[in-house]
Amino acid sequence: MSQHKPLHQGAARNAPQSKTDLFVSFTLLALQGFGGVLVVVQRELVDKKQWLTNDGFIEDWAVAQILPGPNVVNLALMIGGRSFGIAGALAALSGLLLAPTVLVLLLAAAVAGVADTAVAQGMLRGMGAVSAGLIAAVGIKLMGALKNNPMGMLTCIGIGALTFAAIGLLRLPLAWVLLSLGPLASVWAAHCIKQRAVA
């Protein structure tokens, strides 16, 4: 089966070499992702493997976020499917889920008696704070790619701020925010693309 090219501009310099490459790469990626994988995914797929450019990663991650299911699972299916069809998608998904599932089951059995202690709960809260910081750092790092967005960086930041305010401050349901801001941003982006094509 022929490999599919990414739809976004700035095609990545490399691509997965085989289904085994997908499986091993996503296994290693998954084993690094404690508390949030965005940081690891961006570093592995963009910086190290160079399967995606920053622009391509942002576009694919945005699609992965609005699809049902975990973001990184959706992204793995997209990358695997783009490279080797259904077999590639299943290879990437298997790599992403197999080793972590076994590891989590072993850890659950090992810590079953101490999970409710104050020390364990404190450790989990500390890991949550670190994960939040890592995710914020990746968000700031990827902001530079917004200059290539047809809407412009300021509009993108404004939409991001509105989304944060709606979900983080006003506690509105995610579905309502997606159904309201999503179509508005899409229509505005289409308008900006048309304007750019005419100019």
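Quick look at the structure, then. This structure is a prediction, so every number in the text was calculated from the model and none was measured. (Residues numbered from 1 in each chain as written. Predicted model: local features only at pLDDT ≥ 70, side-chain atom pairs only at ≥ 80, totals over all residues. Heavy atoms only, no water.)

To continue, consider the overall build of the chain. Assigned secondary structure in the chain consists of seven helices and zero strands. In terms of overall dimensions, the chain has C-alpha extents of about 65 × 50 × 25 Å along its principal axes. When burial is assessed residue by residue, the chain has 29% of its 199 residues classed as buried. Within the chain, residue pairs in contact and separated by at least 24 positions form 61% of the contacts whose partners lie at least 6 positions apart. One finds the centroid of the 13 positive side-chain charges in the chain at a distance of 4 Å from the centroid of its 7 negative side-chain charges. (Helix = DSSP H or I, 4+ residues; strand = E, 2+ residues; numbered from the N terminus. Buried < 20%, exposed > 50% of the residue type's maximum accessible area, 1.4 Å probe, protein only. Contact = heavy atoms within 4.5 Å. Lys, Arg positive; Asp, Glu negative; His and termini not counted. Charge placed at Lys NZ, Arg CZ, Asp CG, Glu CD.)

A separate point is the layout of surface pockets. Quantified by volume, the largest pocket comes out at close to 2,200 Å³. Grouping the amino acids of the lining of the largest pocket by side-chain chemistry returns 33 nonpolar, 12 polar and three charged. (1 Å grid on protein atoms, 1.4 Å probe; cavity = no way out; pocket = protein on both sides within 12 Å on 5 of 7 lines; lining within 4 Å. Points joined across faces, edges and corners; volume = space filled by probe spheres on them. Nonpolar A, V, L, I, M, F, W, Y, C, P; charged D, E, K, R; others polar.)

For the structure on display, the rule yields four salt bridges. Here lysine 49 makes a salt bridge to aspartate 21, at a shortest N to O gap of 3.5 Å. In this pair, lysine 49 is assigned in the loop between α2 (38-48) and α3 (54-66) and aspartate 21 in helix α1 (residues 19-32), connecting sequence segments 28 residues apart. The exposure class assigned to lysine 49 is partly exposed, which follows from its relative accessible area of 28%. Aspartate 60 is paired through a salt bridge with arginine 82; the nearest N and O atoms lie 3.0 Å apart. In this pair, aspartate 60 is assigned in helix α3 and arginine 82 in helix α4 (residues 71-111), connecting sequence segments 22 residues apart. Taken together, the salt bridges that share partners define one network made up of Arg43, Glu44 and Lys48. (Salt bridge = Lys/Arg side-chain N within 4 Å of Asp/Glu carboxyl O.)

In this section: empty space enclosed by the protein. This structure, assessed with the given rule, holds one cavity of 30 Å³ or more. Quantified by volume, the largest cavity comes out at close to 40 Å³. Along the walls of the largest cavity sit Ser25, Phe26, Leu29, Glu44, Leu45, Lys49 and Trp51, which together make up its complete lining. Contributions of two or more residues to the lining of the largest cavity are made by α1 and α2. For the lining of the largest cavity, the element with the most residues is α1, which contributes three residues. Broken down by class, the residue content of the lining of the largest cavity amounts to four nonpolar, one polar and two charged.

Of note in this structure, glutamine 50 is not a glycine but carries a positive phi near 60°. Inspection of the secondary structure assignment puts glutamine 50 in the loop between α2 and α3. With a phi angle near 60°, arginine 171 is a residue other than glycine that sits in the positive phi range. Along the chain, arginine 171 turns up in the loop between α6 (153-169) and α7 (174-198).

Attention now goes to the packing of α2 against helix α5 (residues 118-142). Relative orientation of the contacting elements α2 and α5 amounts to 40°, with a least axis distance of 8 Å. Considered as vectors, α2 and α5 are oriented oblique to each other. From α2, Leu38, Val39, Gln42 and Asp47 reach across to α5, where they touch Leu134, Ile135, Val138, Lys141 and Leu142. A class-by-class count of the residues in the contact of α2 with α5 yields six nonpolar, one polar and two charged. (Axes fitted to C-alpha atoms, helices over the stretch in contact; angles between N-to-C directions. Parallel < 35°, antiparallel > 145°, perpendicular 65-115°, else oblique.)

We now examine the packing of α1 against α2. Running from N to C, α1 and α2 cross one another at 150°; their axes reach a closest spacing of 9 Å. When the interaxial angle is binned, α1 and α2 end up roughly antiparallel. Viewed along their axes, α1 and α2 form a crossing whose handedness is right-handed. Seen from α1, the contacting residues are Phe26, Leu29 and Gln32; seen from α2, they are Val40, Val41, Arg43, Glu44 and Leu45. Broken down by class, the residue content of the contact of α1 with α2 amounts to five nonpolar, one polar and two charged. (Left-handed = near helix turned anticlockwise from the far one by under 90°.)

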